[in-house]
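Summary of structural features
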Amino acid sequence: MRPHLSISRRTRRTPFSSRVEAAGASGYTVYNHTLLATSFRGIEVDYWHLCENVQVWDVSCEKQVTLKGPDASRLAQYMTPRNLTDAQVGRCYYLPMCDENGAMMNDAVAIKVNDGHWRLSVADSDILLWAKGLAVGFDLDVEVREPDMYPLAVQGPKAVELMIRVFGEGIKELGFFAIAPFMYNGQRMKVARSGWSKQTGYEVFVNNPEIGTQLWDELFTKGQDLDVRAGCPNLIERIESGLLSFGNDMGHETTPFEIGLDKYVDLDADIDSLSLPALRKHTPTKQLMGLVLEYHRNLSNLDVFVGEKKVGDIRSQAYSPKYMRRLAFVMCDLAALDGATSVEVITDQGKATGHLTSLPFDFDALGLSACR
Ligand code: THG
C-alpha cells in the first residue's frame, strides 16, 4: 500500500478542500500547516494545460499575516532589507524577509493597506511567530494576526478572459503586481495580478468562505468553454520560470544574494531593517544557479560534481517537456566551482554532463526553443 497523508486539525483544510478533492487531486503537500495539492492528472499533463488554458488553484496555504497599529510600517520595514519607504497602496511587493544575520526567514508578497496596516502573504515558515516575537521584543505597538483569508489563484493564458467574465472588464486595468478591490456577490474582495506561475494570472483574496466557494463554482461554470480545470502550483512551470520555493531552494541558511534576490535588497537605504547591517558586510560563498541537462534521464542523487569534486547540490528539479531538457536549481559552492560551467551529475544511466547558467533561465540565450 502506498503511504498516505494523515489529515487532522493540524493539517488545516481550506474552504476549497472539498472542491479540490472532488476535482481529483492526486497528490498533496503540507505548506504553512495547510493542505496544498501538488498534482491532478499528473504533473506533465497539468503543466501543458496550465500553459495553454486556465486553472483555478486553492492556494489558501499562502497564509496572510496582518500587522496592524501605529508601529505596523516600522515592523514591516524591520523584517525586510527592501526599502518600503515609498511603498504605495494598491501594489504588491515581493519581499525577502531576513534575520539579524541576513539569512532568509521567508519570501513573501506584501501589500500596504495603509500606514498602520500591512498584509504579508507568506511562504512556508512561521512568520506569525517571528513577527509576534519581534513586536514583543522591541515593544512595538502593533497587533500581529492571521486573518481568515484564503487566496485563490486563477492562472494561465485564458485567466484574463475568465476573470473578465466573473469580475467584469475592470480586471483588464490591473497591471502586473497591482491589487485592487472588486465586488463579487455583494462581497468586496481584493484581486491582484499575481501568482506563482509566469502564465499570466490573478489571485483573489477570499475573505468569506461561503462566497468563496460560490466563486469557485462560478469560475467553473463560466469557464467551461475555456476548459478551466482545478490546478496547483506546477513544479515544471515554476522551475522553467525561475520562481523560488522557500524550504527547497532557500532556507534559514541562505542570504538573498545567494539566491539572486539582490534587486530586492536596498543596501544604501537609510532605513531601520534588522538584516541590513549584516547584509552590508556579507560576501556570498554560495550561489543558486540553473542547470540544464541534455538528456531525459532520472537523477540518482542530488550531488553535482566537477570531476571528482562535489561543487553543489540540487534543490529543485524537473524534466521540461517544452524544452526537452532536465532543468534544476543547484546551490553551488563558489570556491569549489571556481568559475566552471560544465558539471556532472549521476543519473540512472551513469554520469551525465550538464551546463550551469544564471537564473532565471534564458532559453533563447541557451539556444533552446519551445517544442510546442
Ligand atoms: N502569491 C502570494 N503569496 C505568496 C506566493 C504567491 N506567498 C508565498 C510565495 N508565493 C512567495 N514566493 C514568491 C516568489 C516569486 C513571486 C511571488 C511570490 C513572483 N515574482 C516575480 C518574479 O520573480 O518575476 C515578480 C516579483 C516582482 O516583480 O517584484 O511573482 O505566489 N500572494
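The structure this text deals with has already been given above.
Everything numeric here is computed off the predicted structure, so don't read it as measured data.

This part is about the packing of aromatic side chains. How two aromatic rings sit relative to each other is given by the distance of their centres and the angle of their planes. Using the criterion set out here, one finds eleven aromatic pairs in the structure. Between Tyr 323 and Phe 363, the ring centres sit 3.8 Å apart and the planes meet at 5 degrees, which makes this aromatic pair stacked. Taken together, the residues span a long stretch of sequence, with Tyr 323 in the loop between strand E16 (309-320) and strand E17 (325-333) and Phe 363 in the segment after strand E19 (350-357) at a distance of 40 residues. Judged on exposure class, the residue Tyr 323 and its partner Phe 363 are both buried. Considering the side-chain rings of Phe 329 and Phe 361, the 6.3 Å spacing of their centres and the 25 degrees angle between planes classify their relative orientation as stacked. Of the two residues, Phe 329 is situated in strand E17 and Phe 361 in the segment after E19; the sequence distance between them amounts to 32 residues. By relative accessible area, which is 7% here, Phe 361 ends up buried. Aromatic rings pair up to connect Tyr 323, Phe 329, Phe 361 and Phe 363 into one cluster. Above the ring of Phe 205, the side-chain terminus of Arg 119 is found at 5.0 Å from the ring centroid. Over the ring of Trp 48 we find Arg 372, and its NZ or CZ is 4.1 Å from the ring centre.

Another aspect to go through is the sheet that holds strand E7 (residues 117-121). Read across the sheet, five strands follow the order E5-E6-E7-E4-E8 without closing on themselves; strand pairing throughout is antiparallel. The open sheet is flanked by strand E5 (92-98) and strand E8 (143-145), the only strands paired with a single partner. Neighbour to neighbour, the strand axes of the sheet diverge by 25 degrees on average, direction disregarded. Bridge analysis of strand E4 (residues 64-68) against E8 gives three bridges, and the strand direction is antiparallel. Note that in E8 the partner of Thr 66 across the bridge is Arg 145. In the packing of helix H4 (residues 127-137) onto the sheet, contacts are made with E4, E5, strand E6 (104-114), E7 and E8, and the angle to E8 comes to roughly 170 degrees.

Another point: unusual backbone geometry. Of note, the bond from Leu 359 into Pro 360 is cis; its omega dihedral lies within 30 degrees of zero at -5 degrees. With respect to the secondary-structure elements, Pro 360 resides in the segment after E19. Even without glycine at this site, Asp 139 takes up a positive phi of about 55 degrees. Here Asp 139 lies in the loop between H4 and E8. The phi dihedral of Asn 185 falls on the positive side, at around 50 degrees, and the residue is not glycine. Inspection of the secondary structure puts Asn 185 in the loop between strand E10 (179-184) and strand E11 (187-192).

Parameters and conventions
- Residues numbered from 1 in each chain as written.
- Predicted model: local features only at pLDDT ≥ 70, side-chain atom pairs only at ≥ 80, totals over all residues.
- Heavy atoms only, no water.
- Phe/Tyr/Trp six-rings, centres within 6.5 Å; stacked < 30°, edge-to-face > 60°.
- Helix = DSSP H or I, 4+ residues; strand = E, 2+ residues; numbered from the N terminus.
- Buried < 20%, exposed > 50% of the residue type's maximum accessible area, 1.4 Å probe, protein only.
- Lys NZ or Arg CZ within 6 Å of the ring centre and 35° of its normal.
- Pairing = 2+ DSSP bridges.
- Axes fitted to C-alpha atoms, helices over the stretch in contact; angles between N-to-C directions.
- Contact = heavy atoms within 4.5 Å.

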